[in-house]
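An overview of the molecular structure
Residue-level listing of the chains:
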Amino acid sequence: MLDRLQALADRYEKLSELLCDPDVASDPKRLRDYSKEQSDLQEAYEAYTEYKQVSEQLQEAKLMQNEKLDDEMSEMVKMEIEELSARILPLEEKIHMLLLPKDPNDDKNVIVEIRGAAGGDEAALFASDLYRMYSKFADAQGWRVELMEASESDLGGYKEVIFMIAGKGAYSKLKFESGAHRVQRIPVTESGGRIHTSTSTVAVMPEVEEVEVEILDKDIRIDTFCSSGAGGQSVNTTKSAVRVLHVPTGIMATCQDGKSQNDNKAKALQVLRARISDIRRQEEEAKYAGERKSKVGTGDRSERIRTYNYPQSRVTDHRIGLTLHKLDSVLNGDMEEIINALTLTAQTELMEQDNQI
């Protein structure tokens, strides 16, 4: 591990030199690439620098302990050794975590799809609650939320809603949200006061650039139609809505919430690229599922991952056994505790696998 850290530190310091080079400063692409590489290494470099300082201080204190000291100085050295020793282990764990393979998609924006599943109108209302929850969380992070497509139900919920969350690290925080979310509450349509269970599915996909997934013109079919609102009521008499079909895979994307037909086409292609990439990623992961099964996967929409119980004000994530009794806060976007716990579990699994190699 120390060899890897020293190599990382050498590269970080080399990048500092390169960023001061006039030739690099005048080349926007190299400047951007080197700046990003250094930024990615910075946290591990700083942790390693601190680790070296603490290790050196600890070694010096232990050498002093072997010298002839008066009682007061001996006690001070003993306390310093205890303090420095207590700092070493957390630093080692932090560094080990930072050296784990990083998901290349972690810094990307995400496209989120939420669909009402079992439960009819109540599932659609719950889908709108989830949309609001993720929007509130994004706002708290300083991220931007952009609605891409929405199909409203008669009661004001969403049969389906697709939106983008744009911000650094969006995928790293939201990638574990894919799956079936279950709600237990008394629906507004229930006159007898009985608690019903409904579900909505969530899919979180990293935004994909054109160069990552190439879509050939000959492989797509584009249809245009008039936009419509809830219940099919026309809200646009021009054919600005766009439906794009990727013929080889049968994957389709629709967008009607943009300002123009070109805007809707661009958004539909964004969603289409993300869906194609997501299918490919799931196929790749399925090949290795038997060898390496993770508690907190990032792909299976059918897996029930979380329950939101209104009578008990309870949120339970079934993958890691986490239960919080603060439903209102979570639905208002206070998701950090859940996300941090899921991230820690995934990182711990990676550490265990790394130790076995």
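Values in this document were obtained by computation on a predicted structure and should not be read as measured data.

**Points about the overall build of the protein**
If you tally the helices and strands in the protein, you get nine helices and eleven strands. Look at the contacts in the protein between residues 6 or more apart in sequence, and 62% of them connect residues 24 or more apart. As displayed, the protein offers around 19700 Å² of accessible surface, 48% of which is attributable to carbon and sulfur atoms.

**A short note on the pairing of strand E5 (residues 196-206)**
Consecutive side chains along a regular strand alternate between the two faces of the sheet. Where burial is concerned, most of E5 is hidden: nine out of the eleven residues are buried. Summarising the sheet, strand E4 (residues 179-185) and E5 pair through seven bridges and their orientation is antiparallel. Within E5, the position partnered with Ala 180 by the bridge is Thr 201.

**What about the packing of aromatic side chains?**
Any pair of aromatic rings gets described here by the distance separating the centres and the angle formed by the planes. Tallying each qualifying case throughout the model produces five aromatic pairs. On the basis of an interplanar angle of 90 degrees and a centroid distance of 5.6 Å, the ring pair of Tyr 131 and Tyr 158 is categorised as edge-to-face. Of this pair, Tyr 131 sits in helix H5 (residues 121-141) while Tyr 158 sits in strand E3 (residues 158-166), placing them 27 residues apart in sequence. With relative accessibility at 17%, the residue Tyr 131 sits in the buried group.

**Thoughts on the sheet that holds E5**
Here eight strands make up an open sheet; going across it, the order is E2-E3-E1-E5-E4-E9-E10-E11 and the pairing mixed. Every interior strand has two partners, whereas the edge strands, strand E2 (144-152) and strand E11 (322-324), have only one. Strand-to-strand twist in this sheet, taken as the mean axis angle between neighbours without regard to direction, amounts to 15 degrees.

**Section: the packing of helix H1 (residues 2-19) against helix H3 (residues 28-65)**
Closest axis-to-axis distance for the H1/H3 pair is 8 Å, and the angle between their directions is 135 degrees. In terms of their interaxial angle, H1 and H3 are classed as oblique. You can see that H1 and H3 cross each other, and the crossing is left-handed. Along its contact with H1, which presents Leu 2, Leu 5, Gln 6, Leu 8, Ala 9, Arg 11, Tyr 12, Glu 13, Leu 15, Ser 16, Leu 18 and Leu 19, the element H3 presents Leu 31, Tyr 34, Ser 35, Glu 37, Gln 38, Leu 41, Gln 42, Ala 44, Tyr 45, Tyr 48, Tyr 51 and Lys 52. Looking at the contact of H1 with H3 residue by residue, the classes come out as 15 nonpolar, five polar and four charged.

**Concerning the sheet that holds strand E6 (residues 220-225)**
One open sheet holds the three strands; their spatial order is E6-E7-E8, and the pairing between them is antiparallel. In this open sheet, the two strands that pair with only one neighbour each are E6 and strand E8 (251-255). Across the sheet, the axes of successive neighbouring strands diverge by a mean angle of 15 degrees, strand direction being ignored. Sheet topology note: the strand E7 (residues 241-246)/E8 ladder contains five bridges and is antiparallel. Pairing of Val 242 across the sheet is with Cys 255, part of E8.

**A word on the confidence of the model for the protein**
Across the protein, the average pLDDT comes to 85, with 89% of residues at 70 or higher. Scored below 50 in pLDDT, residues 230-236 makes eleven contacts in the model with residues more than four places away or belonging to other chains.

**Re unusual backbone geometry**
Notably, Ser 313 is not glycine yet its phi reads approximately 50 degrees, a positive angle. Relative to the assigned elements, Ser 313 resides in the loop between strand E9 (304-309) and strand E10 (314-317). Take Ser 313: its relative accessible area is 26%, and that puts it in the partly exposed class.

**Looking at the pattern of salt bridges**
Taken as a whole and assessed by the stated rule, the structure comprises 23 salt bridges. Arg 115 serves as the salt-bridge partner of Glu 113, at 3.2 Å between the closest nitrogen and oxygen. On the accessibility criterion, Glu 113 (1% relative accessible area) is buried. Owing to a relative accessible area of 25%, Arg 115 belongs among the partly exposed residues under this scheme. Between Lys 267 and Glu 146 there is a salt bridge, and its shortest N-O distance comes to 3.1 Å. With Lys 267 in helix H7 (residues 261-288) and Glu 146 in strand E2, the pair connects residues that are 121 residues apart, well separated along the chain. The buried category is assigned to Lys 267, whose relative accessible area is 8%.

**What about the packing of H3 against helix H4 (residues 71-98)?**
When two helices pack together, their arrangement is given by the angle between their axes and by how far apart the axes lie. Where H3 contacts H4, the axes come no closer than 9 Å and their chain directions differ by 155 degrees. Between H3 and H4, the crossing angle belongs to the class labelled roughly antiparallel. Two packed elements cross with a definite hand, and for H3 against H4 that hand is left-handed. Residues belonging to the contact of H3 with H4 are distributed by class as follows: 15 nonpolar, four polar and seven charged.

Conventions used here
- Residues numbered from 1 in each chain as written.
- Predicted model: local features only at pLDDT ≥ 70, side-chain atom pairs only at ≥ 80, totals over all residues.
- Heavy atoms only, no water.
- Helix = DSSP H or I, 4+ residues; strand = E, 2+ residues; numbered from the N terminus.
- Contact = heavy atoms within 4.5 Å.
- Areas by Shrake-Rupley, 256 points an atom, 1.4 Å probe, with all protein chains shown as cover.
- Buried < 20%, exposed > 50% of the residue type's maximum accessible area, 1.4 Å probe, protein only.
- Pairing = 2+ DSSP bridges.
- Phe/Tyr/Trp six-rings, centres within 6.5 Å; stacked < 30°, edge-to-face > 60°.
- Axes fitted to C-alpha atoms, helices over the stretch in contact; angles between N-to-C directions.
- Parallel < 35°, antiparallel > 145°, perpendicular 65-115°, else oblique.
- Left-handed = near helix turned anticlockwise from the far one by under 90°.
- Nonpolar A, V, L, I, M, F, W, Y, C, P; charged D, E, K, R; others polar.
- pLDDT = per-residue confidence, 0-100.
- Salt bridge = Lys/Arg side-chain N within 4 Å of Asp/Glu carboxyl O.

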